[in-house]
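# Architecture at a glance
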Amino acid sequence: MLGLIESSGLTRRAFAEQVSLDESKLSKSLSGARRFSSLDLARIAEKGQVTVDWLITGDDPPLAMAARNTGGHGGAAISLARRLSLLRADISRLGYPQPWRPLADAHEPARSGQDGSGFAGQGRALAAVASARLAEATRSASTEDLPAVIEAAFGVDVTVAAIGPDFDGLAASSGGAKIIVLATSAVPSRQRFTLAHELGHLLAGDDQEVHLDRDIYSPAQSRDPSEARANSFAAALLMPEARLRAAVGPDGISEQDFAALATDLMVSPSALAYRLREFRLVDSGTCDKLRKISAARAAAMTSQGEEFARRVAAATALRPPGLLLRDAYAAYQAGAATLRPYASLLGADVDELRTALESDDGSAGEL
Amino acid sequence: MTEFLFPDNTVLCNFAEVDSLDLLTSVLRGRGRWTEAVAYEARRSARVLPPLTSLVTGQEFGEPIEISADADVLRVERLRRAVFGGAEDEPLRHLGEAQTCHVIETWPELAGSWWISDDREALRYARFRGITTRETIDLVAMAVADGEIGPKDGHALMQRMASAGRHLRLPASAADLAR
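Residues numbered from 1 in each chain as written. Chains lettered and ligands numbered in written order. Predicted model: local features only at pLDDT ≥ 70, side-chain atom pairs only at ≥ 80, totals over all residues. Heavy atoms only, no water.

### Considering the overall build of chain A
So the rule is basically this: Numbered from the N terminus, helices here are DSSP runs of H or I no shorter than four residues, and strands are runs of E no shorter than two. When accessible area is computed with a 1.4 Å probe and restricted to protein chains, residues below 20% of their type maximum are described as buried, those above 50% as exposed, and intermediate ones as partly exposed. Throughout, a contact is declared for two residues whenever any of their heavy atoms are within 4.5 Å.
Each helix and strand counted, chain A has 22 helices and 4 strands in total. Expressed as lengths along the three principal axes of its C-alpha atoms, the size of chain A is roughly 85 × 65 × 35 Å. Across the 367 residues in chain A, those meeting the buried criterion constitute 49%. Restricting to contacts in chain A with at least 6 residues of sequence separation, those with at least 24 account for 61%.

Following this line, the structure appears as structure tokens:
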């Protein structure tokens, strides 16, 4: 507390005045003769731009620290992750913990590298287990609503927010909360790859509390082992080897079939071309030719322009975190919370939302 | 056991808006209490509603209840955020609600106290938690029952509150207040 007052550049008297606290009360509290009250601490927190929790416990969660120390869109994204993580921690105490489902311990060697497969191999091994998890639920990664599928299968919250354009996404693992934040994008395949990449970070248990990915395709970033593993995971999850081998015949793959495959898998043609080359299913020359096809052209070549347009629109839309939304509403229904946290997640006015919820009583009448 | 009555700041403002705080205090009969955050909110509201000044400087609600134990402060902060939807970086937002709810729920000497509010969310939550709730309309009905004000005047008083932009549940007629 003394440090906070000193860093404000104010005298004790001036600081006391600014937080509407009697100077003698402040002095007594600082000397330990009186305890700061809940209101004192709230006013001090507001003035000092710190949190009440920090004033009491001194704990500064890494996410909060990262949010303060990161500028621009990245900082905004981390702040959002911090807010959502805190909400999860709070509603966990009300009986709604994050339903996080990591991969079983049996696959620990793949995560830790003990099988000697290297980071890319670890990513592939993790993707195989993750794909099996999806298959158990009769789902796959080649589904349009990938955020909902991942939320259901792994218990991680996925939110899409307007935090671009110089930012792809982040994965936050704070306490019991697991959050993926994606930037809205007019390139759906990039957003999907980012989602799979961030899931890879979380499933690998990468030991930082936050992975901020400004540009998932950046060569510099891919030199980092954990980023290489997450990229390998994403590629294997979204473009499974078996599916690729099945699509390529003994004479290779035609442009038309390649376009159909990219559109079906909802991946970028360039990523798919490189992946085919990785498995030696196409040579370098063919890879160069195929990777120049744009996603829009691939969709047009397969008469899927309409679907493509819908996917672009979906990728540009905001998406609240599905599991938090579900649990905030459940807490409201059970009377454990007001409607305000739910309304806040939706960005809605609470009074208007309540009126809307209560008015849907079948009064529309016969049409 | 004495039952205390904890009006929130919006209720105080309702009566201050129509210059009828004397009616409120007579209904409360010395049982009114407030937490320090509600007293603070009232002090701020007094800048635009001068009748509140007498309440803020007087002793009608006793000394504002301070919450100082670390565990209590942390619980209030979590209630404020998780239940009432206050943001971490707006530490004063919904603090009065969280403090009031906390002390009624967990301090034995205040068990059974009533929480008086016109906020639908706060009322709903409090009822789920087993806290007795009342609204401004109930206080005016109590004043009518006590003979402090006639039903028609009570009805007119509440209409004036609403006309001044206050958000509260209104009686359909004067007869509704004579329950």
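### Details of helix α11 (residues 188-204) of chain A
All names here are of chain A. Going by this rule: Expected span, for any helix, means 1.5 Å times one less than how many residues it has.
Taking 1.5 Å per residue as the helical rise, α11 with its 17 residues ought to reach 24 Å, and the 24 Å between its terminal C-alpha atoms agrees with that figure. Extensive coverage of α11 is indicated by the burial of 16 of its 17 residues. Two residues or fewer after α11 comes G205, characterised by a positive phi angle close to 70°.

### Focus on the nonpolar core
All names here are of chain A. Just so we agree on the cut-off: We call a set of buried Ala, Val, Leu, Ile, Met, Phe, Trp, Tyr and Cys residues a nonpolar core when their side-chain atoms join them within 4.5 Å. All domain edges in this entry derive from an automatic or database-based domain assignment.
If you look at the biggest cluster of nonpolar residues, it comprises 53 residues, and the most contacted ones within it are F154, L199, L237, M239, L244, L272 and L276. With 7 residues, the single largest contributor to this core is α11. Each of domain 1 (61-238 + 318-344) and domain 2 (241-303) gives at least three residues to this core. Setting aside residues no more than four positions away along its own chain, L199 makes contact with I150, F154, V156, I180, F233 and L237.

### Brief notes about the sheet that holds strand β3 (residues 177-183) of chain A
Residue and element names in this part refer to chain A. The test is simple: When DSSP finds at least two bridges between two strands, those strands are taken to pair. A fitted line through C-alpha atoms serves as each axis, taken over the contacting stretch for helices, and the angle formed by two N-to-C directions is quoted from 0 to 180°.
Strands sit in the order β1-β3-β2-β4 across an open sheet of 4 strands; the sheet is mixed. Every other strand in the sheet has two partners, leaving β1 (157-161) and β4 (210-213) as the edge strands with one partner each. Mean inter-strand twist for the sheet, computed between neighbouring axes without regard to direction, equals 15°. Both strand β2 (residues 169-174) and β4 contribute to a ladder of 4 bridges, which runs antiparallel. From the neighbouring strand, A171 faces β4, where its bridge partner is H211. Sheet strands in contact with helix α7 (residues 72-93) are β1, β2, β3 and β4, and its direction is about 150° off that of β3.

### A closer look at the side chain of S37 of chain A
With respect to the helices and strands, the residue S37 of chain A is situated in the loop between α3 (23-31) and α4 (38-48). Sequence-distant contacts of S37 of chain A, defined by excluding residues within four places in its chain, comprise E36, E66, I67 and S68 of chain B.

### Concerning the sheet that holds strand β1 (residues 5-7) of chain B
All names here are of chain B. With respect to topology, 3 strands assemble into an open sheet ordered β1-β2-β3, the strand pairing being parallel. Either end of the sheet is taken by a strand with one partner, and the two such strands are β1 and β3 (132-134). Neighbouring strand axes in the sheet, compared pairwise and without regard to direction, differ in orientation by 25° on average. Of the strand pairs in this sheet, β1 and strand β2 (residues 114-116) are connected by 3 bridges, and their pairing is parallel. Looking at the pairing, P7 lines up with I116 of β2.

### Looking at the packing of α7 of chain A against helix α20 (residues 322-333) of chain A
Residue and element names in this part refer to chain A. Stated formally: Angle categories are assigned with fixed cut-offs, so that under 35 degrees is roughly parallel, over 145 is roughly antiparallel, 65 to 115 is roughly perpendicular, and the rest are oblique. With the far helix as reference, a near helix turned anticlockwise by less than a right angle produces a left-handed crossing, and one turned clockwise produces a right-handed crossing. Only Asp, Glu, Lys and Arg are considered charged, only Ala, Val, Leu, Ile, Met, Phe, Trp, Tyr, Cys and Pro nonpolar, and every remaining residue, Gly among them, polar.
As a packed pair, α7 and α20 sit with axes 11 Å apart at the nearest point and diverge in direction by 40°. Between α7 and α20, the angle falls in the class oblique. For the pair α7 and α20, the crossing hand works out as left-handed. Contacts from L84, L87, R88 and I91 in α7 reach L323, L324, D327 and A328 in α20. Taken together, the residues of the contact of α7 with α20 break down into 6 nonpolar, no polar and 2 charged.

### What about the interface of chain B and chain A?
Quite often, the size of an interface is put as the accessible area lost when its parts meet. Convention followed: Note: buried area is the sum, over both parts, of the accessible area (probe 1.4 Å) each one loses when the two are combined. When a carboxyl oxygen of Asp or Glu lies within 4 Å of a side-chain nitrogen of Lys or Arg, that pair is called a salt bridge. Any N or O atom pair separated by 3.5 Å or less is treated as a polar contact, with the protein-specific requirement of one donor-capable and one acceptor-capable atom, and with residues adjacent in sequence counted only for side-chain atom pairs.
Every contact between the two is made by 34 residues of chain B and, on the other side, 36 residues of chain A. Both faces considered, chain B and chain A share a buried interface measuring about 3100 Å² in area, 53% of it formed by carbon and sulfur atoms. A per-residue breakdown of the area chain B buries against chain A is headed by A82, E88 and E121 of chain B, which together make up 21% of the total. At the junction of chain B and chain A, the tally comes to 10 salt bridges. Here K25 of chain A ties to E66 of chain B by a salt bridge, and the two come within 3.8 Å at their closest N and O atoms. Between chain B and chain A we count 19 residue pairs in polar contact (both at pLDDT 80 or more) in total. Put simply, the parts of the chain that give the side of chain B that touches chain A at least two residues each are α3 (36-45), α5 (70-83), α6 (95-106) and α7 (120-128) of chain B. In terms of residue class, the side of chain B that touches chain A is made up of 16 nonpolar, 4 polar and 14 charged.

Everything listed here is a matter of geometry and, on its own, says nothing about what the molecule does.
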